[in-house]
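Here is how the chains run, residue by residue.
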Amino acid sequence: MGYLHEGHAELIRRARAECDVVAVSVFVNPTQFGPNEDLSRYPRDLERDLALAGGAGADVLFHPEAGAMYPPGHATTVRVEGVSGPLEGESRPGHFDGVATVVLKLLNLVGPGRAYFGEKDWQQLAVVRRMVRDLSVPVEIVGVPTVREVSGLALSSRNSYLTPEERERASVLSRALRAVQSAAASGERDTAALREAGRAVLAEEPDLALDYLAVVDGDMRERPAVENDPMTRVLVAARLFGVRLIDNMALFPEPEATPTC
C-alpha cells in the first residue's frame with residue numbers, strides 16, 4: 001500500500017532476480033480499512049516510493065486512483081471463506097474481502113506470471129493463495145520471508161507511527177514468537193502451553209494490549225496439539241502506543257537465518 005521500506009525492496013529484488021519485467025503496485029486500498037481505522041492518515045510518499053522501487057529494480061510502478069479501481073456502481077466483492085475467518089478476520093470484519101477484491105483486480109489488470117507477497121502478513125498470503133487456486137487465476141504466488149529491524153521488529157509501513165524507543169519496545173512481539181518456537185523445539189506440542197510461552201513474554205510489556213496469539217496450521221485452524229509441519233505458524237496481533245502491529249513466524253523454522261536490514 002505504499003510508503004515502501006526494505007521489506008518491499010526485498011520483494012522487488014527477488015522478483016528482479018527471477019523475472020524479465022517487474023511491476024510494483026502502490027495503492028492504499030480503501031475497501032480493506034474498517035470505519036475506525038487509519039485510512040486517512042496511512043503514510044503516503046509517492047516520490048519516495050518511486051525512488052525505492054526503481055533502486056531495487058522495478059521497471060513499472062502502477063499507482064491507480066481509487067476512482068479508477070472502484071468506479072461508480074462497483075458492486076462486486078470477492079470473499080474467501082475458511083482461511084479468512086479467524087484472527088484478522090474476526091478482529092477486522094470485511095478486511096480480507098477488501099484484500100481479495102483488490103488483489104484480484106490488480107492481477108487481472110497487470111497479468112503477471114508471478115506475484116510476490118511478504119510473509120509478514122501470513123494470513124493475507126494464505127487468503128491470496130486460496131483465492132488464486134479456487135478461481136484458477138494463472139499466476140504463481142511467491143511468499144518472501146519477513147525482513148526485520150536489528151531488534152527483531154518486523155518491518156511495516158505503520159512502524160513510522162512509532163518513535164525509535166517505541167520500536168525497540170515493540171520488538172517484544174518477535175521475542176514472544178521466538179519463545180513459542182523455543183518451547184516447540186524443546187518438545188512441547190500442546191497448543192495451549194505454546195500460547196502461554198508467548199503470552200509470558202508479552203506480559204513483560206505493560207503498555208501492550210494483546211489482540212491474539214495463536215498457533216495455526218496451513219488452513220489457519222488452531223488444533224489442541226501441533227504437528228512438526230513447515231506450514232504450522234504462530235501469529236500475534238497487538239496494539240502498542242496506539243499502533244496495531246502484527247507478526248508471525250514458522251513454529252518449526254528452517255535453519256537459514258531470517259534476512260535483516
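Residues numbered from 1 in each chain as written. Predicted model: local features only at pLDDT ≥ 70, side-chain atom pairs only at ≥ 80, totals over all residues. Heavy atoms only, no water.

### Focus: the sheet that holds strand β5 (residues 208–216)
Threshold: At least two DSSP bridges between two strands are needed for those strands to be called paired. Each helix corresponds to a stretch of at least 4 residues labelled H or I by DSSP, and each strand to a stretch of at least 2 residues labelled E; elements are numbered beginning at the N terminus. Axes here mean lines fitted to C-alpha atoms, for a helix over just the part in contact, with angles spanning 0 to 180 degrees between N-to-C directions. For this analysis, residues touch if any pair of their heavy atoms sits within 4.5 Å.
Here three strands make up an open sheet; going across it, the order is β5-β6-β7 and the pairing antiparallel. A single partner strand is all that each edge strand has here, and the edge strands are β5 and β7 (243–250). Pairwise comparison of adjacent strand axes, ignoring direction, gives a mean angle of 10° for this sheet. As defined by bridge partners, strand β6 (residues 233–240) adjoins β7 across eight bridges and the pair is classed as antiparallel. Paired with valine 236 across the bridge in β7 is aspartate 247. Against the sheet, helix α8 (residues 172–185) contacts β5, β6 and β7, and its axis sits at roughly 25° relative to β7. Against the sheet, helix α9 (residues 191–202) engages β5 and β6, with an angle of about 150° to β5.

### A closer look at the packing of aromatic side chains
Selection rule: Aromatic pairing here means that ring centres of Phe, Tyr or Trp (its six-membered ring) are within 6.5 Å. Orientation follows from the plane angle: under 30 degrees is stacked, over 60 is edge-to-face, and everything else is tilted. Partly exposed residues are those whose accessible area sits between 20% and 50% of the maximum for their type, while under 20% is buried and over 50% is exposed, using a 1.4 Å probe and protein chains only.
This structure, assessed with the given rule, holds two aromatic pairs. Ring geometry for phenylalanine 27 against tyrosine 70: centres 6.4 Å apart, planes inclined by 35°, an arrangement best described as tilted. Taken together, the residues phenylalanine 27 in the loop between β1 (23–25) and α2 (46–56) and tyrosine 70 in the loop between α3 (66–69) and α4 (88–91) connect sequence positions 43 residues apart. Accessibility assignment for this pair places phenylalanine 27 and tyrosine 70 in one class, buried. Aromatic pair phenylalanine 33 and tyrosine 42: ring centres 5.9 Å apart, planes at 80°, arrangement edge-to-face.

### Examining the nonpolar core
The condition that has to hold: Only buried residues count toward a nonpolar core. Its members are Ala, Val, Leu, Ile, Met, Phe, Trp, Tyr and Cys residues joined through side-chain atoms within 4.5 Å.
Counting 34 residues, the largest nonpolar core has Val103, Met131, Val132, Ile141 and Met220 as the members making the most contacts within it. Where this core is concerned, the elements lending two or more residues are α5 (95–110), β3 (114–118), α6 (122–134), β5 and β6. In terms of residue count, α5 provides more of this core than any other element does, eight residues in total. Those residues in contact with methionine 131 that lie beyond four places of it in its chain are Val78, Val80, Ala100, Val103 and Leu104. Core analysis: the second largest hydrophobic core is formed by 27 residues, Ala183, Val234, Ala238 and Leu251 among them.

### Notes on the environment of arginine 244
The condition that has to hold: Within 3.5 Å is the distance limit for a polar contact, defined as a pair of N or O atoms, with the added protein rule that one can donate a hydrogen and the other accept it, and that residues adjacent in sequence qualify only through two side-chain atoms.
Along the chain, arginine 244 turns up in strand β7. Between the C-alpha atoms of arginine 244 and asparagine 159, which are 85 residues apart in sequence, the distance is 9.5 Å. Apart from the residues within four sequence positions on either side, arginine 244 is in contact with Glu88, Ser91, Arg92, Arg158, Asp211, Tyr212, Ala237, Ala238 and Arg239. For arginine 244, the side chain forms a polar contact with the side chain of aspartate 211, separated by 2.8 Å.

### Description of the pattern of salt bridges
Rules: Any Lys or Arg side-chain nitrogen found within 4 Å of a carboxyl oxygen on Asp or Glu counts as a salt bridge.
According to the stated counting rule, one finds 24 salt bridges in the structure shown. Close ionic contact of aspartate 59 with arginine 16 constitutes a salt bridge, the shortest N to O distance being 2.8 Å. One end of the pair, aspartate 59, is in the loop between α2 and β2 (60–62); the other, arginine 16, is in helix α1 (residues 6–18), with 43 residues separating them in the sequence. By relative accessible area, which is 47% here, aspartate 59 ends up partly exposed.

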